[in-house]
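Observations on chain architecture
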Amino acid sequence: MHSKYTLIIGGAASGKSAFAEQLVVSTGKSRKYLATSQVFDQEMRTKVNRHLAQRGTGWTTIEEPHEPGPALSALAEGDICLFDCATMWLSNQMLAGADLEAAQGRLLEAIRACPAQVVMVTNEVGHGIVPENALAREFREAQGRLNIALAAEADLVVLVTAGLPLVLKGRLQ
């Protein structure tokens, strides 16, 4: 994989994280995992543990739920970073009452400035029904805007559905 910045997008439980992990491992570079989730309950702890087991050894995990810029800037040119995921990062921003436009700008700038390759995972949330409550509708709209901005910056965008990748932008090498 030769892309400086790759975006992997798909629905929940679509296989996007496993696909992203395979891409990262295939490079042979020093693997970093930037984790954006926060564990508030047992369900999330179970999901995190499942992801840890799926990845296996050989990864350095960096936990950063709010401001990934410093962690991304600290990476080396020979590294590759799996940022998993933009959806959890956005949730964290919304729950913290952050200025979403400013936070998104900082995130995009951090990706541009990162010396390492970045593979980012994000959820496509716009294929379902219109949510019944205002917060869920606000989140869906914010996620859509974030995904559009992330895809515009990416060299490679891959949609994963049912574990199958479909290249939307760029080329898989």
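It should be noted that the structure appears before, not after, this text.
Residues numbered from 1 in each chain as written. Predicted model: local features only at pLDDT ≥ 70, side-chain atom pairs only at ≥ 80, totals over all residues. Heavy atoms only, no water.

**Describing the overall build of the protein**
Operational definition: Segments assigned H or I by DSSP are reported as helices when at least four residues long, segments assigned E as strands when at least two residues long, and all are numbered from the N terminus. In this description the radius of gyration comes from C-alpha coordinates, and the expected globular size is given by 2.2 Å times residues to the power 0.38. Between buried and exposed lies partly exposed: a residue is buried under 20% and exposed over 50% of the maximum accessible area for its type, with that area taken using a 1.4 Å probe on protein chains only. Two residues qualify as a contact provided that any one of their heavy atoms is within 4.5 Å of a heavy atom in the partner residue. We score Asp and Glu as negative and Lys and Arg as positive, and we do not count His or the chain ends. Charge positions come from single atoms, namely NZ of Lys, CZ of Arg, CG of Asp or CD of Glu.
Helix and strand counts for the protein come out as six helices and seven strands. Written out in order from the N terminus, the α and β elements of the protein read β-α-β-α-β-α-β-α-α-β-α-β-β. For a compact globule of 173 residues, the expected C-alpha radius of gyration is about 16 Å, and the protein comes in at 15 Å, within 12% of that figure. Across the 173 residues that make up the protein, the buried fraction comes to 44%. Considering only residue pairs separated by 6 or more positions, the protein has 76% of its internal contacts joining residues 24 or more positions apart. In the protein, which carries 16 positive and 18 negative side-chain charges, the distance between the mean positions of the two groups comes to 6 Å.

**Digging into the sheet that holds strand S1 (residues 5-10)**
Keep this limit in mind: Pairing between strands requires that DSSP locate at least two bridges from one strand to the other. Helix axes use the C-alpha atoms of the stretch in contact, all axes being lines fitted to C-alpha atoms, and the angles between their N-to-C directions lie in the range 0 to 180 degrees.
Read across the sheet, seven strands follow the order S3-S2-S4-S5-S1-S6-S7 without closing on themselves; strand pairing throughout is mixed. Edge strands, defined here as strands with exactly one partner in the open sheet, are strand S3 (59-63) and strand S7 (164-169). If you compare each strand with its neighbour and ignore which way they point, the axes differ by 20 degrees on average. Bridge count between strand S2 (residues 30-35) and S3: five bridges; the pairing is parallel. Looking at S3, one finds that Tyr33 is bridged to Thr61. Its contacts with the sheet put helix H6 (residues 134-153) on S1, strand S5 (117-123), strand S6 (156-161) and S7, and the angle it makes with S1 is roughly 145 degrees.

**Looking at helix H2 (residues 42-55)**
Each α-helix turn comprises 3.6 residues. Residues three or four places apart therefore point the same way. Put simply, the test is: One less than the residue count of a helix, multiplied by 1.5 Å, gives the span that helix is expected to have. Think of the arc as the fan of directions from the helix axis to the C-beta atoms.
Spanning 14 residues, H2 covers 20 Å between terminal C-alpha atoms, matching the ideal 20 Å at 1.5 Å per step. Here H2 has its buried residues at Met44, Val48, His51 and Arg55. Taken around the axis of H2, the buried residues stretch over an arc of 60 degrees, which confines them to a single face. In H2, the exposed residues that point more than 90 degrees away from the buried face are Gln42, Glu43 and Ala53.

**Examining the packing of aromatic side chains**
Applied cut-off: What counts as a ring pair is set by centres within 6.5 Å for rings of Phe, Tyr and Trp (its six-membered ring), and what kind of pair is set by the plane angle: stacked under 30 degrees, edge-to-face over 60, tilted for all other angles. Lysine and arginine charges are scored as sitting over a ring when NZ or CZ, respectively, is within 6 Å of the ring centre and within 35 degrees of the ring normal.
The final tally for this structure, using the stated rule, is one aromatic pair. Centroid distance Tyr33 to Trp59: 6.1 Å. Interplanar angle 85 degrees. Geometry classified as edge-to-face. With Tyr33 in strand S2 and Trp59 in strand S3, this pair connects stretches of sequence that are 26 residues apart. Across this residue pair, the class does not change: Tyr33 and Trp59 are buried. For Arg55, the ring lying beneath its charged end belongs to Tyr33, and the centroid distance is 3.4 Å.

**Re helix H4 (residues 86-95)**
For H4, a buried count of eight out of 10 residues is recorded, marking the element as mostly surrounded by other parts of the structure. Along H4, the positions that sit buried rather than exposed are Ala86, Thr87, Trp89, Leu90, Ser91, Asn92, Gln93 and Met94. Along its buried surface, H4 packs onto strand S4 (79-84), helix H5 (100-113), S5 and H6. The positive-phi residue at the C-terminal boundary of H4 is Gly97, with phi of around 70 degrees.

**With respect to the pattern of salt bridges**
Threshold: What counts as a salt bridge is simple: a side-chain nitrogen of Lys or Arg found within 4 Å of a carboxyl oxygen of Asp or Glu.
On inspection of all chains with the given rule, the structure shows four salt bridges. A salt bridge links Glu67 to Arg106; its shortest N-O distance comes to 2.8 Å. Of this pair, Glu67 sits in the loop between S3 and helix H3 (69-73) while Arg106 is found in helix H5, placing the two residues 39 residues apart along the sequence. Since its relative accessible area comes to 40%, Arg106 is described here as partly exposed. Put simply, Glu141 and Arg140 hold a salt bridge, and the shortest N to O gap is 3.4 Å.

**Re the packing of helix H1 (residues 16-26) against H2**
The condition is simple: Two helices cross in a left-handed way if the nearer one is turned anticlockwise from the farther one by less than a right angle. They cross in a right-handed way if the turn is clockwise. Following the grouping adopted for this structure description, the nonpolar residues are Ala, Val, Leu, Ile, Met, Phe, Trp, Tyr, Cys and Pro, the charged ones are Asp, Glu, Lys and Arg, and the polar ones are all others, Gly among them.
Axis separation between H1 and H2 bottoms out at 11 Å; the angle between their running directions is 35 degrees. The handedness of the crossing between H1 and H2 comes out as right-handed. Facing Ser17, Ala18 and Glu21 of H1, the residues of H2 in contact are His51, Gln54 and Arg55. A per-class count over the contact of H1 with H2 returns one nonpolar, three polar and two charged.

The quantities given are spatial measurements derived from coordinates; they are silent on function.
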